[in-house]
Each structure stands twice: as structure tokens, then as C-alpha cells.
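Residue strings, one per chain:
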Amino acid sequence: MTAFGIFLLLAAVAAAAPDGRARNLEKPLRMLLAASAMLTVLVYRPGRKALWWGLIAGAFAGAAFIAYQRWGLGMERPGGLINAITFGDLMLCMGLLCLAGTLDFAGRAAIWPGLGALAGLVGSIATGTRGGWVAILFSMLLLVRYGHVLRGRLRKGLALLGLALLVSTYFIPQTGARDRLDQGISDVRQYVDGEQRYTNVGVRIELWRTALRVIERHPVMGASERDVRQQLEHMVETGESRAFVLEFEHFHNDILQQLVYGGIVGLLAWLGTLVAPFLFFWRQMRHPGAAAPALAGMLLTLSYFSFGLTEVIFWSTRAAMFYALMLFVLVGFCLAGRPSAAPAAARTAP
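As the structure is a prediction and not an experimental result, all values here were calculated from the model.

### Remarks on the overall build of the chain
Then, in step 1: What the chain contains, in helices and strands, is 15 helices and 0 strands.
Then, in step 2: When each of the 350 residues of the chain is scored for burial, the buried share is 49%.
Then, in step 3: A fraction of 74% describes how many contacts in the chain between residues 6 or more apart in sequence connect residues 24 or more apart.
Then, in step 4: For the chain, the exposed area adds up to about 17,100 Å²; of that, 65% sits on carbon and sulfur atoms.

Next comes the structure, spelled out in C-alpha cells:
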């Protein structure tokens, strides 16, 4: 909560500047207020399976809808009712949370969150989103580290099945995974050779290169939106950057986005909202009763960091609120699942 409070405080300072915008307070304020979800869990003590069943149902519904858009309606980049990248990232995140939820299901019942994890993966693949691939890699490293908590052959088998499904998509033309990978490699080559820079990957590389030039001029506290816009226009006029950078609202990278508008101070504040929760969940892994929500929390924070490497995932209010609400719900379940402290009378008894 301290990390989210500091992030809100810096947003308030920026909004109070002469050319600041009060609307930029909305997401930081909402994310801090999401702490009420943690208090609700601690007061009412709901069963954790309610969360897992909700995620399972959401993963199934999302996968069915996006599959219908992709293969039923023939949409090349379906995104449900939102942006395809954001939808794909959220589907993958829900699938990973379902995988952690298998720890709270005994015996063969673990098949349900396992299927939810596979549904989330299928939904992400159907959107054609490539940014999630990085999150899968990091999540695999985390799951290898804590593989012992995925006790039982069924849980480990489901994890391996998900990996096999991911690898198999490259060899199934209908998924489009091979085309997306080949396109990414081609985009990089064209950008380096100077043949074509207005491609999906080429646009990102140009935006990142431009952002680094802006950061050089305001490294500590960043620049206002008006100053950044003026610098971009000047760079386009002088030929330092391509004209198409003016068409985009952000720089397609969370780290660069924070450095441009908040400098090193803003970046550290933003990283706090990811690192502090991750460390909290990491410590909770020592408590057996909190293993499932703790593992889910680490997967959540790690996934969002990974998504932000190729996209500004927190640009979307929906994605930002999913992160904050899910994070504080999982924090509440971790605290509620820890062994109760001994009564004061018992501690002071002779």
C-alpha cells in the first residue's frame, strides 16, 4: 500500500504542475483504493475456491468467445471487446492464476483449474499476441523454482501439457503462431536494413529509440506531456525520428513510458508497485496455508512486468484495475491463510 501511495503522490505532484492534467490521477487513485478488496477478504473470509472457480469460468468464457471471433468470424487479430494485445495478456494471466489454483484442489478435482489454465493459454494464442511469450518464459522459470509445490502427477502433467500445447502451436498453421514469429523476425530485418520501418516491430523499435532521446534530456523527473509532444515534433522536423511516432499515445514499453514522463524517480515508484508485492508473495510461500495465493501473486506481478516489455499494459484502465484488484485479493487470501497468532493470555501465561 505504501508503494501504491507513493505512486499516487507522484501523480498528484505532476497533476499539480501548470501544464499537468488531473485525469492522470484516475488510475493511481483507483489502484490504491483497490486495497479495499484486501480488507473485504480479511473481514468476510470468503473461501478461496470462489476465486479459482471465477477464474476458471472467465478463462473458459474468454477462450470460447475469442475462438469464435478468430475461427468463426475469421478475424485475424480478435480482442473480444477490447484491444487484442490487452485481451491476450489478460487471458494468459488468468490461465497462469488457474495453474496456481490447482494447489487448492485435491485429487482429480485439480483437473478443473488445470483446464482453466489451458483455456487461458488457448485464448491468448488465438489473439495472436506475441508479448505474452516473454511472460510464459519467465513464468516457466518461476514454476521450475517452485515446482515442488505443484505436488502430484496430475498438476505437473497439466503444466507439461500446457507447455506442449504452446510448442505445438508453431506447427499448426491455423493458430498463426508461426506467421507471427516469422513476421516479427522479418520486421526486425527490414528495420535494420532501412527498407520498411512502419511495421509492428519496426514501430516499436522507432518509438523506443525516440523515447531514449527524450529521456536523455530529462533523466531525473521526466517531462510533462506538452514538453514531450514538443520534443517529438522537433525530432520529426529535424529528421531525428520518423513522422509516425506522432501517431501513438505511448511508447509501447512500460519502463520507457515511466522514464519519459516521470524520470528515474517515476520509474522507481512504478517498479515499487511490482517489486514490493512480488517480495510479499515470495515471503508468503513459507506458509503452507498461503502457497496457492502466494504463487498466483508472484505469477501476476511477473506477468505484468513481462507484458510491459513490449506494451504499456498499465495504459488500459481495465488491465490496471485487474492487476490492482487481483493483487489485493490475493494479499488478503495470503494473510487470511496464515496460522493465527497465539492468544495474548497464552503467550503471557507462566
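### Side note on the side chain of His252
Then, in step 1: Within the secondary structure layout, His252 lies in the loop between helix 11 (225–237) and helix 12 (254–284).
Then, in step 2: One polar contact links His252 to Glu311, side chain to side chain, over a distance of 2.9 Å.
Then, in step 3: Residues within four places of His252 in sequence aside, it is in contact with Arg204, Leu207, Trp208, Leu309, Thr310, Glu311 and Val312.

### Re the packing of aromatic side chains
Then, in step 1: Within this structure, the stated rule accounts for 10 aromatic pairs.
Then, in step 2: Where Trp53 meets Phe105, the ring centres are 5.6 Å apart and the plane angle is 75°; that geometry is what we call edge-to-face. Of this pair, Trp53 sits in helix 4 (residues 48–72) while Phe105 sits in the loop between helix 5 (84–101) and helix 6 (111–127), and the two are 52 residues apart along the sequence.
Then, in step 3: A relative accessible area of 41% places Trp53 in the partly exposed class.
Then, in step 4: Seen from their ring centres, Phe251 and Tyr261 are 6.4 Å apart, and the 50° between their planes marks the pair as tilted. Separated by 10 residues along the polypeptide, Phe251 in the loop between helix 11 and helix 12 and Tyr261 in helix 12 bring together distant segments of the chain.
Then, in step 5: Residue Phe251 is classed as buried on the basis of its relative accessible area of 4%.
Then, in step 6: In this structure Tyr261 comes out as partly exposed when scored by relative accessible area, which is 29%.
Then, in step 7: By way of ring pairs, the aromatic residues Trp270, Tyr304, Phe307, Phe314 and Tyr323 are connected into one cluster.

### Looking at the packing of helix 4 against helix 5
Then, in step 1: Two numbers describe how helix 4 lies on helix 5: the axes approach to 9 Å, and their chain directions differ by 140°. For helix 4 against helix 5, the interelement crossing comes out left-handed. Contacts between helix 4 and helix 5 involve Trp52, Leu55, Ile56, Gly58, Ala59, Gly62, Ala63 and Ile66 on the former and, on the latter, Phe87, Met91, Met94, Leu97, Cys98 and Gly101.
Then, in step 2: Taken together, the residues of the contact of helix 4 with helix 5 sort by class into 11 nonpolar, 3 polar and no charged.

### Regarding the packing of helix 5 against helix 13 (residues 291–307)
Between two packed helices, both the angle of their axes relative to each other and the distance between the axes serve to describe the pair.
Then, in step 1: At a minimum axis distance of 8 Å, the contact between helix 5 and helix 13 shows a crossing angle of 160°. The angle between helix 5 and helix 13 places the two elements in the roughly antiparallel class. Our pair here, helix 5 against helix 13, has a crossing hand that is right-handed. For the pair formed by helix 5 and helix 13, the contact residues are Asp89, Leu90, Leu92, Cys93, Leu96, Leu97 and Ala100 on the first element and Ala292, Leu295, Ala296, Leu299, Leu300, Ser303, Tyr304 and Phe307 on the second.

### Side note on the nonpolar core
Then, in step 1: Core analysis: the biggest nonpolar cluster contains 83 residues, and Leu300, Tyr304, Phe314, Phe322 and Tyr323 have the highest contact counts within it.
Then, in step 2: At 14 residues, helix 14 (residues 317–337) tops the list of elements feeding residues into this core.
Then, in step 3: Excluding its chain neighbours within four sequence positions, the residues that come into contact with Leu300 are Cys93, Leu97, Phe322, Tyr323, Met326, Leu327 and Leu330.
Then, in step 4: Ala59, Ile66, Phe87 and Met91 belong to the second-largest nonpolar core, a separate cluster that totals 7 residues.

### Quick notes on the pattern of salt bridges
Then, in step 1: Tallied over the full model, the rule gives 8 salt bridges.
Then, in step 2: Between Arg30 and Glu26 there is a salt bridge; the shortest N-O distance is 3.0 Å. Of this pair, Arg30 and Glu26 both sit in helix 2 (residues 26–33), 4 residues apart, which is roughly one turn of that helix.
Then, in step 3: The class of Arg30 is partly exposed, set by a relative accessible area of 41%.
Then, in step 4: The closest approach of N and O atoms between Asp104 and Arg48, which form a salt bridge, is 2.7 Å. Here the residue Asp104 occupies a position in the loop between helix 5 and helix 6, and Arg48 occupies one in helix 4, the gap between them amounting to 56 residues.

### A word on the environment of Arg130
Then, in step 1: One can find Arg130 in the loop between helix 6 and helix 7 (132–145).
Then, in step 2: Accessibility expressed as a relative area gives 16% for Arg130, which makes it buried.
Then, in step 3: Distance in space between the C-alpha atoms of Arg130 and Phe307 is 9.5 Å, their sequence separation being 177 residues.

### Re helix 4
Then, in step 1: Taking 1.5 Å per residue, 25 residues should reach 36 Å; helix 4 reaches 35 Å between its end C-alpha atoms and fits that length.
Then, in step 2: Here the buried face of helix 4 lies against helix 5, helix 6, helix 13 and helix 14.
Then, in step 3: Positive phi shows up at Gly74, right after helix 4, with a value of about 75°.

### Quick word on the confidence of the model for the chain
Then, in step 1: For the chain, per-residue confidence averages 85 on the pLDDT scale, and residues scoring 70 or more make up 83% of the total.
Then, in step 2: This model gives residues 340–350 a pLDDT under 50, and the stretch forms 2 contacts once residues within four places in sequence are excluded.

About the thresholds
Residues numbered from 1 in each chain as written. Predicted model: local features only at pLDDT ≥ 70, side-chain atom pairs only at ≥ 80, totals over all residues. Heavy atoms only, no water. Helix = DSSP H or I, 4+ residues; strand = E, 2+ residues; numbered from the N terminus. Buried < 20%, exposed > 50% of the residue type's maximum accessible area, 1.4 Å probe, protein only. Contact = heavy atoms within 4.5 Å. Areas by Shrake-Rupley, 256 points an atom, 1.4 Å probe, with all protein chains shown as cover. Polar contact = N/O pair within 3.5 Å; in protein donor to acceptor, adjacent residues only side chain to side chain. Phe/Tyr/Trp six-rings, centres within 6.5 Å; stacked < 30°, edge-to-face > 60°. Axes fitted to C-alpha atoms, helices over the stretch in contact; angles between N-to-C directions. Left-handed = near helix turned anticlockwise from the far one by under 90°. Nonpolar A, V, L, I, M, F, W, Y, C, P; charged D, E, K, R; others polar. Parallel < 35°, antiparallel > 145°, perpendicular 65-115°, else oblique. Core = buried A, V, L, I, M, F, W, Y, C linked by side-chain atoms within 4.5 Å. Salt bridge = Lys/Arg side-chain N within 4 Å of Asp/Glu carboxyl O. Expected span 1.5 Å × (residues − 1). pLDDT = per-residue confidence, 0-100.

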